[in-house]
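Architecture at a glance
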Amino acid sequence: MRAWPFLLLGVFVVGCQAAPKEDRIGSAAEFTEVMTKARDLTVERLVSFESGIALTDDDRMALDEALPLTDRMIRFDPSALGPRALRGKILVALDRPQDARTAFENALKFGTVEKDQAAQALRAEIHLDLSRLAMTRQDYSEVIRLAQAGTALFPDPRLKVVEARAHVQRKEFDEARALLKAALEQEPQVPEPASNLNFKD
């Protein structure tokens with residue numbers, strides 16, 4: 001199986017490398033310390049959460065501790081995409097969907113638009129996160145729009161599965177089957193629930 005969680009690790013790289021040395025954090029070295037602490041508090045917990053494992057009380061405490069660290073990193077470099085994306089993921093895990101949506105939308109609005117593959121993959125991941133939130137609101141048109149926009153940035157098969165789910169809800173089964181087929185051809189073990197789509201009327 002492809003190691004999709006590596007994109008979470010990319011959160012701590014994309015957009016942070018050119019951060020200015022003068023900011024409220026104080027120095028680039030201090031920024032690196034904050035970034036490392038945020039990584040240690042969040043990465044394993046978020047990967048587990050996105051794999052369907054429930055958070056423990058200790059996990060929630062760690063994510064609560066990490067949340068203000070993202071604020072500090074964003075103040076240090078408001079254009080950095082990674083800290084904004086991380087903030088959104090933490091808020092999703094803490095069951096704060098509206099705040100998470102705002103964080104992800106701000107990441108796309110204010111984050112530096114870089115053309116390298118890592119940055120494009122992270123922007124696609126943000127579209128994936130937003131599309132999942134739209135699914136919980138049953139806004140299927142928005143799911144499809146976000147998934148297609150993300151796919152245009154980076155070919156993450158999970159976006160195709162989420163889009164397929166939206167088409168199923170709209171009884172557009174041919175479109176859903178085509179998307180699911182394409183996703184599984186790209187990644188046979190795509191880490192997004194794909195086997196239990198209900199194609200029945």
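Residues numbered from 1 in each chain as written. Predicted model: local features only at pLDDT ≥ 70, side-chain atom pairs only at ≥ 80, totals over all residues. Heavy atoms only, no water.

1. Concerning the confidence of the model for the chain
With 83% of its residues at a pLDDT of at least 70, the chain reaches an overall mean of 86. Per-element confidence in the chain ranges from a low mean pLDDT of 51 for helix α1 (residues 6-10) to a high of 97 for helix α7 (residues 140-153). Throughout residues 15-23 the model reports pLDDT below 50, and contacts reaching past four residues in sequence, or to other chains, amount to 18 contacts. (pLDDT = per-residue confidence, 0-100. Helix = DSSP H or I, 4+ residues; strand = E, 2+ residues; numbered from the N terminus. Contact = heavy atoms within 4.5 Å.)

2. So, the environment of Ala38
Mapping Ala38 onto the fold places it in helix α2 (residues 28-50). Given the relative accessible area of 0%, Ala38 is considered buried. (Buried < 20%, exposed > 50% of the residue type's maximum accessible area, 1.4 Å probe, protein only.)

3. Let's talk about unusual backbone geometry
A positive phi angle, close to 60°, is found at Gln138, a residue other than glycine. For Gln138, the position within the fold is in the loop between α6 (117-136) and α7. The exposure class assigned to Gln138 is exposed, which follows from its relative accessible area of 58%. Although it is not a glycine, Lys171 sits at a positive phi angle of roughly 60°. Mapped onto the fold, Lys171 is located in the loop between α8 (157-169) and α9 (173-186).

4. Here's the deal with the pattern of salt bridges
In total, this model carries 17 salt bridges according to the counting rule given. With its nearest N and O atoms 3.1 Å apart, the salt bridge here joins Glu172 to Arg170. What makes Glu172 partly exposed here is its relative accessible area of 21%. Take Arg170: its relative accessible area is 34%, and that puts it in the partly exposed class. In this structure, Asp174 engages Arg177 in a salt bridge whose closest nitrogen and oxygen atoms are separated by 3.7 Å. Within this pair, Asp174 and its partner Arg177 are both found in helix α9, separated by 3 residues, close to a single helical turn. Among the ionic contacts, a cluster of salt bridges with common partners joins Glu50, Lys89, Glu125, Asp129, Arg132, Asp156 and Arg158. (Salt bridge = Lys/Arg side-chain N within 4 Å of Asp/Glu carboxyl O.)

5. Considerations on the side chain of Arg123
Among the secondary structure elements, Arg123 is positioned in helix α6. A residue is classified by how much of its surface remains accessible, and Arg123, at 8% relative accessible area, is buried. A polar atom in the side chain of Arg123 sits 3.1 Å from the backbone oxygen of Leu108. (Polar contact = N/O pair within 3.5 Å; in protein donor to acceptor, adjacent residues only side chain to side chain.)

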